[in-house]
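Here's the letter readout for the chains.
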Amino acid sequence: MKTTSIFVTALIINESLKMSSKYMPLPPETLKTIADQFPVNDQCMYLNHAAVAPWPKCTSEAVQQFAIENCQTGAQGYLTWLKKEQKLRTKLALLVGSKNEDCIALVKNTSEALSIVAYGLDWQTGDIILISDDEFPSNRIVWESLAQKFGVIVKQVHISAEDPEAEILEAINSAVNKPKLISISAVQYASGIKLDLAKLGEACHSNNVLFCVDAIQAVGAMEFKCDEWHIDFAMADGHKWMLGPEGLGFFFVKTNHIKNMNLYQYGWHMIEGAGDFSIKDWQPANNARRFECGSPNMLAGYALEASTDLLLEIGLDKVAVEIENNHAYLLRQLQHLGADILSPLDSNMRAGILTFKFSGIDSAELYQKLMGNDVVCANRGGGVRFSPHFHTTKKCMDNAINVLKTLI
Ligand SMILES: Cc1ncc(COP(=O)(O)O)c(C=O)c1O
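Below, the structure is looked at part by part. What you see is a predicted model, and the numbers here were worked out from it, not measured in a lab.

### Comments concerning the overall build of the chain
Looking only at helices and strands, the chain features 14 helices and 13 strands. By the compact-globule yardstick of 22 Å for 408 residues, the chain fits well, its C-alpha radius of gyration being 22 Å. Along the first, second and third principal axes, the C-alpha set of the chain runs to 70 × 60 × 40 Å. Counting all 408 residues of the chain, 54% fall into the buried class. Charge separation in the chain, taken as the distance between the mean sites of 36 positive and 46 negative side-chain charges, equals 1 Å.

### With respect to a negative patch on the surface
A contiguous patch of negative charge on the surface is contributed by Asp133, Asp134, Glu167 and Glu170. Turning to its location among the elements, Asp133 is positioned in the loop between strand 3 (128–132) and helix 7 (138–150). A residue is classified by how much of its surface remains accessible, and Asp133, at 37% relative accessible area, is partly exposed.

### Quick look at the pairing of strand 3
Moving residue by residue along a regular strand, the side chains alternate between the two faces of the sheet. With five of five residues buried, strand 3 is to be regarded as a mostly interior element. Of the two faces of strand 3, the one holding Ile128, Leu130 and Ser132 and the one holding Ile129 and Ile131 are both buried throughout. In this fold, the crossover linking strand 3 to strand 4 (residues 153–157) by way of helix 7 has right-handed handedness. One ladder, built from two bridges, connects strand 3 with strand 5 (residues 181–185); its direction is parallel. In the strand pairing of strand 5, Ile129 is matched with Leu181.

### Overview of the sheet that holds strand 10 (residues 354–357)
Strands sit in the order 9-10-13-12 across an open sheet of four strands; the sheet is antiparallel. The strands lining the two open edges of the sheet, one partner per strand, are strand 9 (340–341) and strand 12 (378–380). Direction of pairing for strand 10 relative to strand 13 (residues 383–386): antiparallel, over a ladder of three bridges. Of the residues in strand 13, the one forming a bridge with Thr355 is Arg385. Against the sheet, helix 12 (residues 316–336) engages strand 9, strand 10 and strand 13, with an angle of about 5° to strand 10.

### Side note on the pairing of strand 8 (residues 249–253)
Counting buried residues along strand 8, five of its five residues qualify, which places the element largely inside the surrounding structure. Pairing of strand 2 (residues 104–107) with strand 8, which is carried by four bridges, proceeds in the antiparallel orientation. When the bridges of strand 8 are listed, Ala105 appears paired with Phe251. Pairing geometry for strand 7 (residues 233–237) and strand 8, over five bridges, is antiparallel. Note on strand 8: the bridge partner recorded for Asp237 is Gly249.

### Section: the site of the ligand
For the ligand, the full set of nearby residues is Asn109, Thr110, Ser111, Phe136, Ser138, Ser185, Tyr189, Asp214, Ile216, Gln217, Asp237 and Lys240. One of the side-chain N or O atoms of Ser111 is found 2.5 Å from an oxygen atom in the ligand. Taking Gln217, its side chain carries an N or O atom lying 2.9 Å from an oxygen atom of the ligand. If the ligand stood free it would expose 400 Å²; the protein chains cover 89% of that surface. Along the lines of polarity and charge, the residues of the shell around the ligand split into three nonpolar, six polar and three charged.

Rules used in this analysis
Residues numbered from 1 in each chain as written. Predicted model: local features only at pLDDT ≥ 70, side-chain atom pairs only at ≥ 80, totals over all residues. Heavy atoms only, no water. Helix = DSSP H or I, 4+ residues; strand = E, 2+ residues; numbered from the N terminus. Rg over C-alpha atoms; globule rule 2.2 N^0.38 Å. Buried < 20%, exposed > 50% of the residue type's maximum accessible area, 1.4 Å probe, protein only. Lys, Arg positive; Asp, Glu negative; His and termini not counted. Charge placed at Lys NZ, Arg CZ, Asp CG, Glu CD. Patch = residues over 30% accessible without salt bridge, like charges linked within 9 Å, V, L, I, M, F, W, Y side chains within 5 Å. Areas by Shrake-Rupley, 256 points an atom, 1.4 Å probe, with all protein chains shown as cover. Salt bridge = Lys/Arg side-chain N within 4 Å of Asp/Glu carboxyl O. Right-handed = clockwise from strand over helix to strand, strands pointing away. Pairing = 2+ DSSP bridges. Contact = heavy atoms within 4.5 Å. Axes fitted to C-alpha atoms, helices over the stretch in contact; angles between N-to-C directions. Near = heavy atom within 4 Å. Polar contact = N/O pair within 3.5 Å; in protein donor to acceptor, adjacent residues only side chain to side chain. Nonpolar A, V, L, I, M, F, W, Y, C, P; charged D, E, K, R; others polar.

Have a look at this one:
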């Protein structure tokens, strides 16, 4: 995984050439929109979308407008708010590659959606749940809690940069010890390894294994295809690659599971006919709204709708290409400085995360110094993590690299 050999350098140059030959530059009007929408690039060197992203201007304006409206007319326009809420579900469905917006619930965060899955399914003692050995705690703790309650077995597999899906596929295909469910991050938060979800989804589908994807490091950074990849459950909070606020995310649940899952949160909002407070003989909503128990976070909804709109307008295919170009650019600069790259070198195996370290330099200290010099980044996986988005400018990356040069 980490090497700076001549072979690898050649591979990267090749990759970059490959990228540039299929690279269609964004049209000038789109570039102008992007420059206008992200004033953050003039304020600091923001390379931390894998943690909490800056908002585009349209999102900030949506929140300001909503605040003014609330101040001046309260919830007089609540019916318009409800339409906005529904539009958000529609757009999130597009963003995750689902034809059916009824499969989308609005949730607080990734952890909440993972808990809905974990406590919505029936478990037998000895059922196996498969995760990786380097999952973000949200996608480990919830399964471990089931182990304590129901005696399920949580198995961890290693995801290597050489063949990331190998151990998962082996487990799915095994005759004995087949997992009931695998729950995996589409893109690993520390190493940045991107899994081939199409391959994993196909294997899960044909082996009757439930496929749950923590999508927070992927949705908004690449094309995502819940329907095509046979994903049973996917979830993400909106504050990373989706460029929204913290505290509002989506939960995708395949249609056939909606009515079979156990519910453990109840309220006025999750019933069929919500809003008619006279209903006595209530039933849970027929769609994924049954997982939303009470009043929605409208303010965050306005924000996330604006961010989602912008991503869809640019196009996720183009977003992914721009991210890859930024990634490849930073990678070259870092290699030039002699960094050990801890993220995949193969462009097919990565999305937005680039983690690195320098031998003989403490990464935690380096991270602190970078932050002290306005390079916004993270300290993850034993290294410094850079995570540029599609809007990140060359100037921003060059400035960050120049700061880095003074610190190593
Ligand atoms: C892979 C992954 N899952 C989940 C989260 C966050 O979970 P939540 O949305 O519940 O705060 C993070 C945050 O860094 C993450 O990287």
